[in-house]
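# Observations on the model geometry
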Amino acid sequence: MDYCKYHPLDGATYACRACNICQCDKCVDDEHRAAHCFVCGAVLESLGSANTVEPFWRRLKEAFKYPVNANSMSLIVITALISVLATLMPFLWILSLVLYLFAAGSIMKYSFTCLERTAMGEMKAPDVMDAYSGGITLLLQLVLMTVVLTVIAGAAYYYLGPALGGLLGFIAVFSYPAILIRFAQTESMLEAMNPFAAVALMAAIGLPYGLLIVFMLIMMTSVGVLHEWIGALVPAVSYLLQSIVSNYYTVVMFHLMGYMLFQYQEQLGYSARSDEDDETPDRSEQERLAAKIDVMLKEGDYEEVVKLYYQAFKKFPNEVIFFEKFFDLLYVCKKAVLMADYGLTYLEFLNRRKRFDKLTPTLKQILFVAPDYLPDSPTMRVQLATLLKQQGDVKLAVKLLNGMHKLYPEFAGLPDAYQLLADTLDEIPNMHAQAEKCRQMAVQLKRKVDERQAALALQVEQKRAQDAQALNKTTGVKAVRKGPPPGTTLSGITLELVPLEPVVAKTDADDATA
Ligand SMILES: [Zn+2]
Ligand SMILES: [Zn+2]
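If you're wondering where the values come from, they're calculated on a predicted model, not measured in any experiment.

### Let's talk about the sheet that holds strand β2 (residues 21-23)
Within a sheet, adjacent strands bond to each other through the backbone by hydrogen bonds, running parallel or antiparallel. Spatial ordering of the open sheet is given by β2-β1-β3, a layout of three strands whose pairing is antiparallel. Both edges of this open sheet fall to β2 and β3 (45-46), since each of them pairs with a single strand only. Two elements, strand β1 (residues 14-16) and β2, share three bridges in a ladder whose sense is antiparallel. When the bridges of β2 are listed, C16 appears paired with I21.

Put into structure tokens, the structure is as follows:
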């Protein structure tokens, strides 16, 4: 049994032959029909739930307990009694044969039901009455197959001599479980008796099949030994005991065969978990991405992890889990550069989620990892500074606002920012002179912004007038000659647009000198 590389306590359901690892359902890319490896992208080999099943020799104890319940035990004992009764009336050989066949058939049918149920993953012995609900055709087929095998082995022994006959007999015993398993699988006698199918099944199961046979032989021998021990004393009691033990072993054996079918379901071409698969809904893209991030993190491919997180931020801009996890990761791992990159993204995410209470604590966490960090957004700086000033952390607030007119000369909120800076400086001792300077700066900036706005308004008006003019002109032209769109041929429009730019630059330059 293999375990998931990333969940060492969970059984693996897939294997990547390229990476030489095993994964569970969670740790694979199941976006397409065939599961792919998160690490290398190769198509994975499905291990099926077969792999998550313990091998049969590890649960022999449970297998021997399998028939130990009132229900199954009474059947075992009663059929044993009947077969003993059959041997006690040799004078009525027909009745004796019928009784014997009845006993053998009953235990056979029950055992076969055990095999089928176990193969479906049911690890509790079925109810005896349950086992007989089906028709007797199945039972007859079972008996017929057993008889055919015995006859073939017997005939070989008789006609071909003990050496070849013994070999054929051994082959018959060896393939008997395979035939039964095939029969349970296909419910067709012809399919089951096909020697090629039996060989294919043995090849698919491999060594454990051999172990099963060894196990069966040990059981058969133990019945013989039992007979040796007490057979000499009381033949009838000995026969009864033998019969009970062999019945009991039969149930255990069939249970083990069923278990083998369950364990090797994938190789044997059927799946006992197909029902479950239909019930579990497919993972969402988001869950899949989260799983991939987990795998890459456990692989230690941090570059990929960072890439995946940024993908996630783009695709799921409102998904708390990605943003928080990445932040925690960077914080715990003290990744200063990455944190400086990510800081603003996370702060803006908190803003989107209206978690204003978390803004300043987060900023302080970021600063703990990246001490020189300052968010590269004027709006965020003002927002943080406002909060910090309220909380009394004036130093940090000043740090955030300082020099903003150089960093963000185009920022419309500059006058307010400097007003805020002035108010903040007021709260620091010996900073009144500075505060006054800032206040003047704020006034100056305000004037500049106003002027710019006026210029902008003028510019918009001019443009509108020119547009109207141009429109009149072009419609006139268009009506006459249906030429290509205006502006491409006539330099008129493009020329009109060019002087608009210097108008802005000119006013700015004027302001700067003023
Ligand atoms: Zn896993
Ligand atoms: Zn791989």
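### Focus on the layout of surface pockets
Considered as a void within the structure, the largest pocket measures approximately 1200 Å³ in volume. Lining the largest pocket we find 35 residues, and of these Y100, M108, T146, Y176 and T250 sit closest to its centre. Ranked by the residues each element gives to the lining of the largest pocket, the list is headed by helix α5 (residues 137-186), at eleven residues. Class assignment for the residues of the lining of the largest pocket results in 24 nonpolar, eleven polar and no charged.

### Brief notes about the nonpolar core
F322, Y342, L363, Y373, L401, M404 and Y418 are the most contacted members of the largest nonpolar core, which has 70 residues in total. Residues L138, A198, I244 and L268 belong to the second largest nonpolar core, which totals 56 residues.

### Here we look at empty space enclosed by the protein
Across all of its chains, the model carries one cavity of 30 Å³ or more by this definition. In this structure, the largest cavity spans a volume of roughly 50 Å³. Together, P409, F411, L414, L445, K448, V449 and R452 line the largest cavity. Across the lining of the largest cavity, the residue classes break down as five nonpolar, no polar and two charged.

### What about the pattern of salt bridges?
Working definition: two side chains of opposite charge can pair if their charged atoms are close together. Applying the stated criterion to the full structure yields 21 salt bridges. With its nearest N and O atoms 3.9 Å apart, the salt bridge here joins K325 to D294. Of this pair, K325 sits in helix α13 (residues 320-333) while D294 sits in helix α11 (residues 285-299); the two residues are 31 residues apart in sequence, bridging distant segments of the chain. Across the pair D393 and K364 runs a salt bridge, and its minimum N-O distance is 3.3 Å. Linking D393 in the loop between α16 (378-391) and α17 (394-401) with K364 in helix α15 (residues 359-369), this pair joins segments that are 29 residues apart in sequence. Take K364: its relative accessible area is 38%, and that puts it in the partly exposed class.

### Here's the deal with α15
All of the buried residues along α15 are L359, T360, T362, L363, I366, L367 and V369. On its buried face, α15 sits against α13, α14 (336-352), α16 and α17.

### Here we look at the coordination of the zinc ion (ligand 1)
Expected angles at a metal are 109.5 degrees for tetrahedral coordination by four donors and either 90 or 180 degrees for octahedral coordination by six donors. The zinc ion (ligand 1) binds to the protein through C4 (SG), H7 (ND1), C24 (SG) and C27 (SG), with metal-donor distances spanning 1.9 to 2.4 Å. Around the zinc ion (ligand 1) sit four donor atoms, and with donor-metal-donor angles ranging over 96 to 116° the site reads as tetrahedral. Every donor residue of the zinc ion (ligand 1) comes from the same chain, spaced as C-x2-H-x16-C-x2-C. With C4 in the segment before β1 and C24 in the loop between β2 and β3, the pair connects residues that are 20 residues apart, well separated along the chain. The exposure class of C4 is buried, given its relative accessible area of 2%. Among the residues examined, C24 registers a relative accessible area of 5% and is labelled buried.

### Some remarks on a nonpolar patch on the surface
Judged by side-chain polarity, Y158, Y159, L160, L164, L167, L168, F170, I171, L217 and M220 come together as a nonpolar surface patch covering roughly 1100 Å² of accessible area. Of all elements in the fold, only α5 and α8 (207-230) reach the threshold of two or more residues within the nonpolar patch. A per-element tally of the nonpolar patch places α5 first, with eight residues. Structurally, the position occupied by L217 is in helix α8. By relative accessible area, which is 32% here, L217 ends up partly exposed.

### Remarks on the coordination of the zinc ion (ligand 2)
Around the zinc ion (ligand 2), the donor atoms from the protein are C16 (SG), C19 (SG), C37 (SG) and C40 (SG), and they sit 2.2 to 2.3 Å away. One can describe the donor arrangement at the zinc ion (ligand 2) as tetrahedral, given that its four donor atoms subtend angles of 102 to 118° at the metal. Mapped onto the polypeptide sequence, the residues donating to the zinc ion (ligand 2) form the spacing pattern C-x2-C-x17-C-x2-C. Highlighted residues: C19 in the loop between β1 and β2 and C37 in the loop between β2 and β3, separated in sequence by 18 residues. Overall, C37 belongs to the buried group, its relative accessible area being 3%.

Cut-offs and rules
Residues numbered from 1 in each chain as written. Chains lettered and ligands numbered in written order. Predicted model: local features only at pLDDT ≥ 70, side-chain atom pairs only at ≥ 80, totals over all residues. Heavy atoms only, no water. Pairing = 2+ DSSP bridges. Helix = DSSP H or I, 4+ residues; strand = E, 2+ residues; numbered from the N terminus. 1 Å grid on protein atoms, 1.4 Å probe; cavity = no way out; pocket = protein on both sides within 12 Å on 5 of 7 lines; lining within 4 Å. Points joined across faces, edges and corners; volume = space filled by probe spheres on them. Nonpolar A, V, L, I, M, F, W, Y, C, P; charged D, E, K, R; others polar. Core = buried A, V, L, I, M, F, W, Y, C linked by side-chain atoms within 4.5 Å. Buried < 20%, exposed > 50% of the residue type's maximum accessible area, 1.4 Å probe, protein only. Salt bridge = Lys/Arg side-chain N within 4 Å of Asp/Glu carboxyl O. Contact = heavy atoms within 4.5 Å. Donors = N, O, S within 2.8 Å, 3.2 Å for Na, K, Ca; no water. Tetrahedral: all angles 85-135°; square planar, octahedral: opposite > 155°, others 65-115°. Patch = residues over 30% accessible without salt bridge, like charges linked within 9 Å, V, L, I, M, F, W, Y side chains within 5 Å. Areas by Shrake-Rupley, 256 points an atom, 1.4 Å probe, with all protein chains shown as cover.

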